[in-house]
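# Results of the structural survey
Here's the letter readout for the chains.
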Amino acid sequence: MATVLGSKGVRGASRSGYRADQPGPSCAIAEQGSGSVTQYVSFNERAWHAGISDYFGRSACNDFSIGIELEGTDDMPYTDEQYETLAAVLSALAEAYPALAAVPVAGHKDIAPGRKTDPGTSFDWLRLDRGVAVASKRQRGGRTLEKAVSA
């Protein structure tokens, strides 16, 4: 499962040192408003993005979810570049990890209801779904996970 989180921060803020081997929260990928992506934690390692969490009766979402943090807040619209890059990353992840394709993408609010609200009401889930469909078609044209993450 992939989990979309909002950073609750101001666009342009730095996340240097945002790693799983250090205390505090972490995510596998952080995406800035420009659409640029930084991978902090291997997809094969546990990141600490979910906190106390449950998804359809399965707790400890850090154990089975890839956290993708978007720079922004609940009420600040996400950028075109963020949607395009997120769709490409999700498509590439589904290609690399086929089990992910069978599980819906969740928001932080979905795995920690009452505690978290991100990515917020400004996040357009239908737009993301359409973008993933388009990105999946492009994926078949040779876009790899490494290319999507280094976008």
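Conventions used here
Residues numbered from 1 in each chain as written. Predicted model: local features only at pLDDT ≥ 70, side-chain atom pairs only at ≥ 80, totals over all residues. Heavy atoms only, no water. Helix = DSSP H or I, 4+ residues; strand = E, 2+ residues; numbered from the N terminus. Buried < 20%, exposed > 50% of the residue type's maximum accessible area, 1.4 Å probe, protein only. Areas by Shrake-Rupley, 256 points an atom, 1.4 Å probe, with all protein chains shown as cover. Salt bridge = Lys/Arg side-chain N within 4 Å of Asp/Glu carboxyl O. Phe/Tyr/Trp six-rings, centres within 6.5 Å; stacked < 30°, edge-to-face > 60°. Lys NZ or Arg CZ within 6 Å of the ring centre and 35° of its normal. Expected span 1.5 Å × (residues − 1). Polar contact = N/O pair within 3.5 Å; in protein donor to acceptor, adjacent residues only side chain to side chain. Contact = heavy atoms within 4.5 Å.

## A few points about the overall build of the protein
What the protein contains, in helices and strands, is five helices and seven strands. Every one of the 151 residues in the protein was classed for burial, and the buried ones make up 45%. Carbon and sulfur atoms provide 54% of the accessible area of the protein, an area that totals close to 7,800 Å².

## Brief notes about the pattern of salt bridges
Across all of its chains, the model carries three salt bridges by this definition. Between Arg127 and Asp80 there is a salt bridge, with its nearest N and O atoms 2.5 Å apart. With Arg127 in helix H4 (residues 125–139) and Asp80 in helix H1 (residues 80–96), this pair connects stretches of sequence that are 47 residues apart. Close ionic contact of Lys109 with Asp110 constitutes a salt bridge, the shortest N to O distance being 3.1 Å.

## Let's talk about the packing of aromatic side chains
With the rule as written, the count across this model stands at five aromatic pairs. A centroid spacing of 5.6 Å and a plane angle of 80° characterise the contact between Tyr78 and Phe123, whose relative ring orientation is edge-to-face. A residue pair is termed long-range when its members are at least 10 positions apart, and Tyr78 in the loop between strand S6 (66–70) and H1 and Phe123 in the loop between helix H3 (108–111) and H4 qualify at 45 residues. Grouping residues by exposure puts Tyr78 and Phe123 together as buried. An aromatic cluster is present here, built from Tyr78, Tyr83, Phe123 and Trp125 joined pairwise through their rings. In this arrangement the basic side chain of Arg58 is found over the ring face of Phe64, its NZ or CZ atom lying 3.8 Å from the centre.

## Focus: H1
The end-to-end C-alpha distance of H1, which contains 17 residues, comes to 24 Å, matching closely the 24 Å that a straight helix rising 1.5 Å per residue would cover. What H1 keeps buried is the set Gln82, Tyr83, Thr85, Leu86, Ala87, Ala88, Val89, Leu90, Ser91, Ala92 and Leu93.

## Considering the side chain of Ser65
Along the chain, the position of Ser65 falls in the loop between strand S5 (58–59) and S6. Under the relative-accessibility criterion, Ser65 is labelled buried at 8%. There is a polar contact of 3.4 Å between the side chain of Ser65 and the side chain of His49. Contacts of Ser65, omitting those with residues within four sequence positions, involve Met1, Ala2, Thr3 and His49.

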